[in-house]
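# Tertiary structure, described
So the chains spell out like this:
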Amino acid sequence: MQLFLSLCLTASILFPIGDQPHPGDPFIIVNKASNELAFINENEIKKVRSVATGRNKELTPEGTFTIIVKAENPYYRKKNIAGGSKNNPLGTRWIGFDAKDTDGRIYGLHGTNRPDSIGQYTTAGCVRLQNNEIEALFNEVPIGTRILITSSSDSIEDIGVQAGALSK
């Protein structure tokens, strides 16, 4: 019984139970309409970054997900390209989330070997950032952070308030 309670407590810390997020919690918003990513922490928008998203609206999934994987110099499985290679389209960092019941290795935030693609609708579904931007974000975002992907004409601040990541 004690082992079971310990496992439940550990799981609740990694995967909080109840309504999420709360103002002050780390939170990421990706707005496909403007190709922007906002990192929110301590009830404040810390930085808004330009991103690339899916070639069409359906490729980058919308909804609220959880960051479950982080990797430095990620390996590109589709074409067997080693992490750290200049040919690797994932760049220098991978932050994977659980969209469509995946394991954090299919959909993610990542760097790029094509910096000119940022701001465009060009990916196969991931959210692409400049390598220096994903490296900074990688250091700020803990596993368990919630990420909202939407396509909205609202401001990042309004989206954050609606999602509960920012207080009014």
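This text goes with the structure placed above it.
The paragraphs below set out a description of the structure included in this document. A quick note: this is a predicted structure, and the numbers were derived from the prediction, not measured.

In this section: unusual backbone geometry. Despite not being glycine, N73 has its phi angle at roughly 45 degrees, a positive value. When you line up the elements, N73 lands in the loop between β5 (63-72) and β6 (93-97). The phi dihedral of N80 falls on the positive side, at around 55 degrees, and the residue is not glycine. Structurally, N80 is set in the loop between β5 and β6.

Our next topic: the environment of L166. Within the secondary structure layout, L166 lies in the segment after α3 (156-163). Apart from the residues within four sequence positions on either side, L166 is in contact with P23, I40, N43, E44, I45, E157, G160 and V161.

Counting buried positions over the 5 residues of β6 gives 5, a clear majority of the element. By the alternation rule, side chains of β6 split into R93, I95 and F97 and W94 and G96, which are all buried. Bridging between β5 and β6 involves 5 bridges; their strand directions are antiparallel. Within β6, the position partnered with E72 by the bridge is R93. With 4 bridges joining them, β6 and strand β7 (residues 107-110) adopt antiparallel strand pairing. If you follow G96 over to β7, its bridge partner there is G108.

Calculation criteria
As a convention, each chain's residues are numbered from 1 in the sequence order in which they are written. This being a predicted model, a pLDDT of at least 70 is required before a residue's local features are given, and a value of 80 or more before pairs of side-chain atoms are given or counted; all residues contribute to the totals for chains, interfaces and linings. Each side-chain value is derived from all of the structure's non-hydrogen atoms; neither hydrogens nor water enter the calculation. In this text, helices come from DSSP runs of H or I with a minimum length of four residues, and strands from runs of E with a minimum of two, each type numbered from the N-terminal end. Residue contacts follow a heavy-atom distance rule, with two residues in contact if any of their heavy atoms lie within 4.5 Å. Exposure categories follow from relative accessible area, calculated using a 1.4 Å probe and restricted to protein chains: below 20% of the type maximum is buried, above 50% is exposed, and the middle band is partly exposed. We treat two strands as partners when DSSP finds at least two bridges between them.

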